[in-house]
Structure formats: C-alpha cells, structure tokens
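Below are the chains, spelled out letter by letter.
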There are 2 protein chains.
Amino acid sequence: MDSLDQIVMAHGSGGVMMRELIAEYFVTSYGASELQSGDDSAILRVPDSIDNLAFTTDSFVITPLFFPGGDIGRLSVCGTVNDLATSGAIALWLSMSFILEEGLPLADLEKICRSIALTAMEAQVMIVTGDTKVVPRGNGDGIYINSSGIGVLDNREALSGRNCRYGDKILLSGTIGDHGIAVISAREGLGFSTGITSDVAPLNKLVAAVLEAAPHTRCFRDPTRGGLASTINELAEQSRTSMVIDEAEVPVKDAVRGAAEMLGFDVFQIANEGKMVAVVPADEADAAIAAMRSHPYGKDAAIIGEVCSRPAPGMPAAWVRTALGATRVLDVLVGEQLPRIC
Amino acid sequence: MDSLDQIVMAHGSGGVMMRELIAEYFVTSYGASELQSGDDSAILRVPDSIDNLAFTTDSFVITPLFFPGGDIGRLSVCGTVNDLATSGAIALWLSMSFILEEGLPLADLEKICRSIALTAMEAQVMIVTGDTKVVPRGNGDGIYINSSGIGVLDNREALSGRNCRYGDKILLSGTIGDHGIAVISAREGLGFSTGITSDVAPLNKLVAAVLEAAPHTRCFRDPTRGGLASTINELAEQSRTSMVIDEAEVPVKDAVRGAAEMLGFDVFQIANEGKMVAVVPADEADAAIAAMRSHPYGKDAAIIGEVCSRPAPGMPAAWVRTALGATRVLDVLVGEQLPRIC
C-alpha cells in the first residue's frame, strides 16, 4: 500500500500534513462552523434560561472497527449522546479526538468519518472541536476515538440513579446482548453470527419521548459494559434500594440467547449500545412504556422489574426472579468477559 | 510482577475491578463531588450571566510517560487548560479519559493521578467526569489520556486568531524548545539533557493577567506541536495578515539551541507546553509584557515581532528577520520531527 493511502507519523506532527488531514477528512465530513474556525477552543452560545449543563466523556477502543450494524464512528457518537441523555439533558455539542495508528488505511478513516457525520445528523448534535494524534505501528490498533459531550438541562432537575424509590417500575427499551454477540462473532469469525447485528443507536429522542410521557421518571441508564447486571446493581446501590428483575420479561433474541449459552456468557452481563433502562413511578409506567414502544428504537420495550425496599445489611441488592419462580442474585461481572466491546 | 500490581484486562470490563480502580485511584486522587455521583454525566451549574462557553479536547500520547519537568498527567491538565485560556475563557471543568495498556504498573498510574490532582489544584479547575478503557499488551503504550475542558467567557468576546491587525505586536511568554528537547533527551537517553526540563505549566493565570493589563488583546495561542512556526503561520493565515518575527528577540536557552543544532532541528518548530503567544495592539504591548513578566511562568517574556499588512498573492505570510538583517520564510514543519511529543 502506498504511503499516501494510509496514516503516517507526519499526520500527527502539527505541521502541513496534519492540517491537510483535518481539512480533507474531519472538516469535510462533519465540520460545524466552530470546527472550521482554526482556534484552539470552540465558542458555544448557551441557550437563554439554561442554568445547568451535563458533561460526559467516553473513549472507544472497540475491535473490529467495523462490525454488523455499526462501526467505531457510529459508536463514538451514540455512546456520548446516550450518556448525556441519561441525565435528562439535551445533547448539543460533541468533541472528536482521534488516536490513529500508523498504517491505518485512509479509506477506513473516511468511512468512519462519514459514519460519524450521519450519526451526528440523526442525533441532531454538532461536532465542534477535535484533536488528532498518531502513534507508531504496534502502539495502537487502527483508531481509538474519544468523544466528549455537552448537553443542556432545560428547566429540569438532573435525573440520577439516587432517585429510585420503593414501588417504582424498571423499564428496558428492547432486547439485550445484541451488541456484544455481534461484535464477538465478527471478531472471531464465529458461525452463529447470522442475523445478529449490533443495536448501536442514539437514544436521545427516545429518552425525550419518555420524559414527556412520564415526567416523574427517576432516571435512565444505558446498560453498556457490564450489561444489564451492572446497571441494575449500580442503580440499586446509588438509591440504597433493592431491585428485582423478572427474567421472563427481559427481551432476548433467540439467536443471542443461543450464542451466549454456547460461549458460556451470562446474557445479563453482555454489553448493549442502543438500549436504555428507565426507572419510573408505578403510575407512569404504562405511559412510559407506550412512549418507548412508539419509537423505532424502543419497539420491543418491556417492564422488566421493580424497585423494592432497602436490602438488609450485607445482603445483595439486585435479584432475578427466574422463569421457574426461584430467585437468584443478579451478579456483577467479576473478571473480564468481552474485552474491547466499546 | 504480580498481577495485582498492574493493569489487567478486567480493569476495563465495566465490572467489579473497574469500579474498584475508579474508586481507589481516580476518585481518591482528584474526585470532585460530580465524579463521585455515580451517574454517567456530570451536572454543572453555569454561573449567572454567562452566555458563552469554550469547549476543547486533547488526547495525550507522549513517550516517555515521565520526563524532566513533568509527566503525562501534568501535561493532560495543562494542555487543555491552556487551549481554553487561548480563547480568553476561564477554565472551570475537565474530563479525564484513560486508555490503559494491560501491564501498566499501578504505581505509575498512582503517580500520574497525583500529578493530575496537583496540577488541577494549581490551575484551579475541577475534574468532574471520566472514563476508563483497557487494551491488551501491544495495542497501547502504558497510558493514553484524553482531557476535554469547558470554560466560561465572562462578558467578553471570544478571542480569535482572526482578530490580528496591521501594527499589532507579537509577544512570547518565555523561552522556546524546552519541552521538545527535554522529552527527546529523556526518550533517547542523550547526553545533552543536563539542565533542560520541560516547561509544561498551566498558563490560565498568566493569560488572565495579560487580559487585565491589555484589555484589547487580539488573541493567544500556545505554540505546542509544530512550535512557534506553526502558531505564527496559523495566526497570519486566520487574520489574512503577514507576520515578521525578530530572531534575535526570541528567547532560547543556550543548552536548547545547542541540542537543537546537534539534532538538526529548527528550534522554531519544536513543541512547547508552557508558553503562550499573544498578539496585542501596539499601544498595549508594554503593559502586556509587564504583566507577563510579573508572572512566574512569564519572567522571560519578550516582544518578538509584529503584524504586517496582507501578503501579496502567492507570497508566504510568516517571516523571520535574522540576526544578520536578512529575512527568510518561517517554514511550517512539513514532515515529522518529534513524534509523540504531547
């Protein structure tokens, strides 16, 4: 491959080649006017009457870069948009910072930039600032992306896992495990990949719809790394409650369930990138689930459990009621299951 | 080395070990209350009467992680604080996102976290959100850090390189080349390292002092990758002016000049991490330089050049008047000189 077809160290030098790369790839693909200004910071006008911002950051190191249903570019927009959405904020502005490995094909970078642009358009967020570094072959893996994001809270208290209360219902916006199984099957070339695609998607519009239908929603959390198990444990811990999930109510595709069993994975611990957990007061649960189901990314939404009282000292806080009527602990992942899933 | 002394893949799993790492290292070292909340976004109160924010991002891939005068932790705070300062914004909030390589000694991570904490305290910024990823041995190089930052513009137009005007003076806050030479000598174990340390420092207080003394300052820019040459070329291009630097006025330490000559480097192209270029109206230049010199990080500040009229079509925009009275083009770095300098 000719050196003009791929990333070379000089693309990270701060000199001519870096400026050309920024102009030809990043600004061309998704450059908001702030990105084109040439200054070191983007200047952003805070909408009137806004008192509170949400701020989040995420680095993405997924392998492979392209997988069924998505790629690292779409993932890096969705991950940050979804983290902002969990607080109830309206995502407005993102940064995109790249760590490129020497030898990355420029054709891959172009595809990733286009994917970033399309996903940002779908989510209606602007990419306003960025950075580019290059590391030598063997010190990276194609491309790592950090995206940080700012959202605004429009006359609303920030949502927090601390707010969950006894009697609240736990909602899930759709099937779990799709992302993790799609990525591992693409990575390993496994045969069961047929039909399983990542769920990676921006959920800010779905969250906004739920908030409108169920204004007293306590919190949202996207069950990414560590899966639903980590999310439920974290929410229970934050709110000092216990939570019980009905296994039979949790949507899982048959193909995903089969693949997880074959691999020895607990489907509750597999990463998702296009699902949202919501905790809502019982009397708003029906409205919330209807709002979720009316959104394309929430058509399989279900009420999967409820918030119970504070656990006895030393007792686990997150439980699963199995299909057979037994109850078991909803374990947090202890070791490491699927590295570099996001 | 025992696996408990170093980063393992499970530290990036989203499970128990990641939560312990965050609690024991990041929250303990520098956790603002927002970082401890356990939610996916930090909620930040916008000070009253603020209309505009500055937002910036930077990833740091420097090698070695520890070098004379600093480390990747101090660098990751200063780089982002300084980028915010260039717009005239007051830096308030930072994110810290880590890509850790399997095998990184936890003792190194602890030193880096302490350095982040001390530098954030010096710069008076809060670290409010973060992220942790782990990549396998051979897909990283110890630790890469992204820091993004938000600052506020207090009743002030954002400064921009576009604002430079004919007749303005160009100021530099001190000696150039220190960072690049310190890092390359530490990396290669070269003999000329004696006494040369990186200048890495947060310059937000210096910038604030200059703005108070010279309220019509046009812009600031920190001459990092690509060095002073890139900065001057960028400012000239943004403002459609030409700029002339007096070589004899640019402060360079003898040891740095000697090392640069030995290595065949142009000192104007070497990266700095604790220096600021300011462009100010001629009638405020003396006040601005006095303000710089009154600050510990600006004691060697000098007026190094001036802004001239628009260059003739096709002519270069950035020039150096040499000590011998000749004039040469101030070339932007074309290839690659010092990879992974920041």
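Everything below is about the structure shown above.
Source: prediction; values computed, not measured. (Residues numbered from 1 in each chain as written. Chains lettered and ligands numbered in written order. Predicted model: local features only at pLDDT ≥ 70, side-chain atom pairs only at ≥ 80, totals over all residues. Heavy atoms only, no water.)

Break down the overall build of chain A for me, citing the residues and quoting the values.
A tally of helices and strands in chain A yields 9 helices and 14 strands. Taken against the 2.2 N^0.38 rule, which gives 20 Å for 342 residues, the C-alpha radius of gyration of chain A at 21 Å falls within 12% of a compact globule. The C-alpha extent of chain A, read off along each of the three principal axes, is 65 × 55 × 35 Å. A sequence separation of at least 24 residues applies to 85% of the contacts in chain A between residues at least 6 apart. Total accessible area on chain A is roughly 12,300 Å²; 50% of this is exposed by carbon and sulfur atoms. Charged side chains in chain A number 26 positive and 43 negative. The centres of these two groups are separated by 4 Å. (Helix = DSSP H or I, 4+ residues; strand = E, 2+ residues; numbered from the N terminus. Rg over C-alpha atoms; globule rule 2.2 N^0.38 Å. Contact = heavy atoms within 4.5 Å. Areas by Shrake-Rupley, 256 points an atom, 1.4 Å probe, with all protein chains shown as cover. Lys, Arg positive; Asp, Glu negative; His and termini not counted. Charge placed at Lys NZ, Arg CZ, Asp CG, Glu CD.)

Can you lay out the relation of the copies chain B and chain A for me, pointing to particular residues and giving the numbers?
Between the two copies of the chain lies a rotation about an axis combined with a shift along it. Rotating chain B by 180° about the axis while translating it 0.0 Å along that axis superimposes it on chain A, leaving an RMSD of 0.0 Å. Considering both components of the superposition, the chain copies are consistent with a two-fold axis. The residues that chain B uses at the interface reappear at the interface of chain A in 99% of cases, marking a shared surface. (Least-squares fit on C-alpha atoms with pLDDT ≥ 70 in both.)

For the side chain of Glu273 of chain A, give the residues involved together with the corresponding values.
Checked against the element boundaries, Glu273 of chain A lands in the loop between α8 (254-263) and β11 (277-280). Sequence-distant contacts of Glu273 of chain A, that is, excluding residues within four places in its chain, are made with Leu75, Asn82, His179, Asp199, Val200, Ala201, Thr224 and Cys342 of chain A.

Requested: an account of the sheet that holds strand β6 (residues 126-135) of chain A, with residues and values cited.
In space, the 5 strands of this open sheet follow the order β6(A)-β5(A)-β7(A)-β2(A)-β1(B), with mixed pairing throughout. Every interior strand has two partners, whereas the edge strands, β6 of chain A together with β1 (42-45) of chain B, have only one. Strand after strand, the sheet turns through a mean of 20° between neighbouring axes, direction not considered. Where helix α1 (residues 16-30) of chain A meets the sheet, it contacts β5 (90-101) and β6 of chain A, and its direction lies at approximately 145° from that of β6 of chain A. Sheet strands touched by helix α4 (residues 106-123) of chain A: β5, β6 and β7 (143-153) of chain A. Its angle to β7 of chain A, the strand with the most contacts, is close to 15°. (Pairing = 2+ DSSP bridges. Axes fitted to C-alpha atoms, helices over the stretch in contact; angles between N-to-C directions.)

So what's going on with the interface of chain B and chain A? Residues and values would help.
Counting residues at the interface gives 81 residues for chain B and 80 residues for chain A. Here chain B packs against chain A, burying approximately 6,100 Å² in sum over the two surfaces, 53% of which is carbon and sulfur. Broken down residue by residue, the surface that chain B buries against chain A is led by Asp40, Phe55 and Arg225 of chain B, which jointly contribute 13%. Counting every contact that joins chain B to chain A gives 12 salt bridges. In this structure, Arg225 of chain A and Asp131 of chain B form a salt bridge, with 3.2 Å as the shortest nitrogen-oxygen distance. The interface formed by chain B and chain A includes 49 residue pairs in polar contact (both at pLDDT 80 or more). Tallied by class, residues from the side of chain B that touches chain A come to 32 nonpolar, 31 polar and 18 charged. Strand direction decides the pairing type here: strand β2 (residues 52-60) of chain A and β1 of chain B, joined by 4 bridges, are antiparallel. Counted as the bridge partner of Ala54 of chain A is Ile43 of chain B from β1 of chain B. (Buried area = accessible area lost by both parts, 1.4 Å probe. Salt bridge = Lys/Arg side-chain N within 4 Å of Asp/Glu carboxyl O. Polar contact = N/O pair within 3.5 Å; in protein donor to acceptor, adjacent residues only side chain to side chain. Nonpolar A, V, L, I, M, F, W, Y, C, P; charged D, E, K, R; others polar.)

With reference to specific residues and values, describe the sheet that holds β11 of chain A.
Residue and element names in this part refer to chain A. Reading across from one edge, β9-β11-β8-β12-β10-β13-β14 is the order of the 7 strands in this open sheet, with mixed pairing throughout. Two strands bound the open sheet, and with one partner strand each, they are β9 (219-221) and β14 (327-329). Taking each pair of neighbouring strands and ignoring which way they run, the sheet shows an average axis angle of 25°. Of the strand pairs in this sheet, strand β10 (residues 242-246) and strand β13 (residues 318-321) are connected by 4 bridges, and their pairing is parallel. Directly across from Asp246, in β13, lies its bridge partner Arg321.

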